[in-house]
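Commentary on secondary and tertiary structure
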Amino acid sequence: MSHLSERPANPVVGQEIPHESAALHVTGAALYTDDLVMRTRDVLHAHPVQVPHAHARVTALRTQPALAVPGVVRVLTAADVPGVNDAGVKHDEPLFPSEVMYFGHSVAWVLGETLEAARLGAAAVEVDVEPLPAIIDVKDAIAAESFQGAQPRVERGDIEAAFDAAAHVFSGEFEFAGQEHFYLETHCALALVDENGQVFVQSSTQHPSETQEIVAHVLGLASHEVTVQCLRMGGGFGGKEMQPHGLAAIAAIGSRLTGRPVRLRLSRTQDMTMTGKRHGFHSQWRVAFDADGRLQALDATLTADGGWSLDLSEPVLARALCHIDNAYWIPNARVNGRIARTNKTSQTAFRGFGGPQGMLVIEDILGRCAPLLGLDPASLRRRNFYGPGQTTPYGQPVRHSERLAAAWDAVTRTGDLDRRRAEIEAFNAEHPDTKRAIAITPVKFGISFNLTAFNQAGALVHVYKDGSVLINHGGTEMGQGLHTKMLQVAATSLGVPLSRVRLAPTRTDKVPNTSATAASSGADLNGGAVKNACEQITDRLRNVAAGRLGVHPSDVRFGADRGGIISAIGGTGELIPWDELVHQAYFQRVQLWAAGFYRTEGLHWDSATMHGSPFKYFAYGVAATEVEVDGFTGANRTRRVDIVHDVGDSLSPLIDIGQIEGGFVQGAGWLTLEDLRWDNSDSPTRGRLATQAASTYKLPSFSEMPEEFNVTLLEQAHEDGAVYGGKAVGEPPLMLAFSVREALRQAAAAFGPQGTSIDLASPATPEAVFWAVEEARAAASGQPDDGHVTASSNGDHGVVPVQPHGPARHPESERVVGRQAVEPAGVRP
Amino acid sequence: MTRITVNVDGTKYSDEVEPRTLLVQYLRESLGKTGTVIGCDTSNCGACTVHLDGTSVKSCNMLAVQADGHEVTTIEGLAKNGELHPLQTAFHECHALQCGYCTPGMIMQSCDLLKNNPDPSEQEIREGLEGNLCRCTGYQNIVKAVQQAARQGKESGQQSGQGDADGNPVDLNEAEQTVGATS
Ligand code: FES
Ligand code: FES
């Protein structure tokens, strides 16, 4: 077997090829889960009974009236659950709840011959409730001490001593919003009962194995009686990592009870009001700098707004704590985390998985403190970069940290930042009511699942007698191009042209026990497994070829560049076409398929003490963004974006650049446009999500595109710890969008005198930018409104954040993952 | 129930539909034209865009009965005689899609745009597609794809100068059989 990252000559990986399903997408032939309904007979449609209360006890549920509606076939309630009534694995998420925990929580589902019949049936179900007090706001949850799950802490160095010795100390608070995934395809599941009661579920899921597991436990079946398939998703972004399971289980129960296929597809409003989103956070912090603006200490407490149940909040929080350092060396750190329980949807994974939230806190701190330190924000950021040999607050060496500077310098050069900054200064001097600014921000993002056990993957590779190849792996396709990369990996490892390899949809009966396609790790993990399977096959074929060519097996060469021709170093010079060798191998009774496996080596992590090296490597990137802000309205536009991003040796450059562009825009959406509004009034609609459609929830559109957008891949970026030297690209680029937010802050500041520190709400909508401009203008008129960041005088330690006092323990989510993960529980002194 | 007769992708269909049926529902559920998808339900995303008599409409924002007696082209009917429309080729080649869910609507809307403005500026492309959302790509490659198709259209247009509303060669032999999808 060759080294994991080593590429053969002329590999198929690294070639610019379009998405493997592109031909199907442009003709409308690509199938999503809901498209299968039209190909299935006698399908029943499921509709939820959503209760319009943020928090209430169900005192009576009368389903009889629904059954009187023509076309209604059955109403599903808790009494119909043969197994465990839980949509998750932590027993805090009843599939059919007796207590309504958020506005729109579904307590029953109606099955109808048509969706319309099911809808009318759902409207006819009578639910009596006794309303209970509801907590909507994260700050109210903090005040009420409404928390859930573990309360981890990352700690290093001597915080008190560092604050003692610091030249500058600042304290502040920052609360920022979550984000709706708005994958363009809403959640969908189609369940049918096979022969002998076995269940087959097609689901729009990023995690088929867990969908399988939960369908099985809800039905009281063993996993081998449930098969889950995901053809592809119309976007996932983390929103289909945990959330599809309960929906698939509803469809599966319906199918088992009626013997008919059941389709459950959420409308957009159902999807937005019922499924989890990115976590908003509250943070309280104090920070210490030396006289040169070098970070000395950070003391912060982050509170994630988890919604009504834990879902993935614990690992999301862990990743937030592991990313609060972003690209910066912070010698002394104490970062506490806790999860608020509020009466909202259960917030979940979203591209970056807490990483963006942790990083946003430090970027906000630097953006607010730079003027108070008398430093240019770019200079403040640059001088705090990790240097050689330094480790993160949780103890992981920051390998390749020099790439931060390399990317930074490249952006500064190619973006012509020095010249443009001078131009902007001149422009701003001439325009009292319009200001421009450029901000440059870095990204360092850890790649691997924090929980070591998840860093494994499987693949199944078949070579048929005619030489054609079929591959299957545990990852799912949601548009990110994973399947394209896997085809390239297989073609490279087998030495055949891309056209000889086909990929079959992800199914739990092909590759079992898979991890979610998440944490950007899909290509690393599944690519490792595909390569492993392919190399088992080529090793066997090598012996067949060696015999025929009269050479030692190690001298046999497979070559995609020659159209699948096998040759040898030395020997007779004979060339064997791939198909011929395969055919010959079959007749020699050589096994032509293989199951591949991959586990990421060298990871260790203790989630109780929050210490270790959980990441295989870090992905780096730098972005510079120029904006223009209108002083009358806060309206703004992005004039230019320059990005240099580290994807290692790209496995598929067209795909990777697409991920960077899309991730950046989605990040800019989170930070500047997308505004989730929950009704926090005391009216009967308290807790209702007011933005429950694209008509009220503003998504990035063509109108917000940067006027100029330059994306380059970092050169000389080989990663020897990953398959064929590539790096993960799904999540990291999202955080390049911090540059947009910081540019807006700087442009707003330009309306005030030099050195004005600006608070900017998140999302920085035009309205928020307007208030930031007002803040700057107040400073100009000698009424600085800078009460938001407290600057402490010498010897003052700043405002110490609340220190949660829960005992150190492993998160709930690991308790159920397996004993192994739970046993070495460290206890925090 | 109301009887409607619609020509969809070159085939004439005659069906009984409920007056409340949306055009997109009729296309997907009665005719099995699943290439046209639903993204938002509120006429914001454009994923459901089709052509009605050669002009783009959001099919979630229109009743099936309103299409009675008209000609509908979906993404599935855009390729003619096995030949992809230049926009289809361009979206494929420029990697103007990721999850692909917005793609049919984007292409149908781009078609309409190029029909009205065969040589659009970058700004005009952005404005022309403003009613279509994509959550994956960040839009860059979509603009590039439309530019590539426009360039190609210009070149081939100079040669032939003939085509229907979608820039396709006129097909005089469109299928005339009547198919009842639900009857
Ligand atoms: S589904 Fe028709 S515009 Fe979104
Ligand atoms: S490619 Fe996914 S929505 Fe456009």
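Preceding this paragraph is the structure being described.
Report on the accompanying structure. What you see is a predicted model; the values in this text were computed from it and never measured. (Residues numbered from 1 in each chain as written. Chains lettered and ligands numbered in written order. Predicted model: local features only at pLDDT ≥ 70, side-chain atom pairs only at ≥ 80, totals over all residues.)

1. Things to note about the packing of helix α10 (residues 355-373) of chain A against helix α18 (residues 738-749) of chain A
Residues and elements named next belong to chain A. As a reminder of what qualifies: Convention adopted: a line fitted to C-alpha atoms gives each axis, helices being fitted over their contacting stretch, and angles between N-to-C directions are expressed from 0 to 180 degrees. Only runs of H or I of at least four residues qualify as helices and only runs of E of at least two qualify as strands under DSSP, and these elements are numbered from the N terminus. Should an angle fall under 35 degrees it is taken as roughly parallel, and over 145 as roughly antiparallel, whereas 65 to 115 is taken as roughly perpendicular and any remaining angle as oblique. Throughout, a crossing is termed right-handed when the near helix is turned clockwise from the far one, and left-handed when it is turned anticlockwise from it by less than a right angle. Two residues form a contact once the distance between their C-beta atoms, set from the backbone, is within 7 Å. Residue polarity is assigned by list, with Asp, Glu, Lys and Arg as charged and Ala, Val, Leu, Ile, Met, Phe, Trp, Tyr, Cys and Pro as nonpolar; anything else, Gly included, falls into the polar class.
At a minimum axis separation of 11 Å, α10 and α18 run at an interaxial angle of 25°. Compared by their axis directions, α10 and α18 come out roughly parallel. Considering only the axes of α10 and α18, their crossing is right-handed. For the pair α10 and α18, the contacting residues are Leu360, Glu363, Gly367 and Pro371 in the first and Phe738, Glu742, Arg745 and Ala749 in the second. Residues belonging to the contact of α10 with α18 are distributed by class as follows: four nonpolar, one polar and three charged.

2. Focus on the sheet that holds strand β23 (residues 565-568) of chain A
Residues and elements named next belong to chain A. Keep this limit in mind: For two strands to pair, DSSP has to find at least two bridges joining them.
Strand order across the open sheet formed by three strands is β22-β23-β24, with antiparallel pairing between neighbours. In the strand order of this sheet, the two ends are held by β22 (556-559) and β24 (576-577), each with one partner. The sheet contact formed by β22 and β23 spans four bridges and is antiparallel. Note on β23: the bridge partner recorded for Gly559 is Ile565. On top of the sheet, helix α15 (residues 522-549) reaches β22, β23 and β24; it is set at about 120° to β22, its chief contact.

3. Overview of the interface of chain B and chain A
Between chain B and chain A, the contact holds 44 residues from the first and 42 residues from the second. Here the residues of the side of chain B that touches chain A are counted per class, giving 18 nonpolar, 18 polar and eight charged.

4. Digging into the nonpolar core
Side chains of nonpolar character tend, in soluble globular proteins, to be buried together. All names here are of chain A. Applicable threshold: Think of a nonpolar core as buried Ala, Val, Leu, Ile, Met, Phe, Trp, Tyr and Cys residues chained together by C-beta atoms that fall within 7 Å. Exposure criterion: with C-beta atoms placed from backbone coordinates, a residue whose C-beta has 20 or more other C-beta atoms within 10 Å is buried, one with 12 or fewer is exposed, and one in between is partly exposed.
One finds Val215, Ala251, Val461, Ala490 and Ala748 to be the most contacted residues of the largest nonpolar core, which totals 301 residues. Considering each element in turn, this core owes the most residues, 11 residues, to α15. Contacts of Ala251, omitting those with residues within four sequence positions, involve Ala46, Ala189, Leu190, Ala191, Val201, Val262, Arg263 and Leu264.

5. Some points on unusual backbone geometry
Residues and elements named next belong to chain A. Cis geometry marks the peptide bond from Ser762 to Pro763, where omega comes out at 5°. Tracing the sequence through the fold places Pro763 in the loop between α18 and α19 (766-780). In the Ramachandran plot, Asp311 falls in the positive-phi region, its phi being about 45° despite a non-glycine side chain. By the secondary structure assignment, Asp311 is in the loop between β15 (295-305) and α9 (313-321).

6. Considering the environment of A:His245
Residues and elements named next belong to chain A. Mapped onto the secondary structure, His245 falls in helix α7 (residues 244-258). You can call His245 buried: it has 29 C-beta atoms within 10 Å. For the pair formed by His245 and Ala87, sequence separation is 158 residues and the distance between their alpha carbons is 6.3 Å. Contacts of His245, omitting those with residues within four sequence positions, involve Ala87, Glu210, Thr211 and Ile214.

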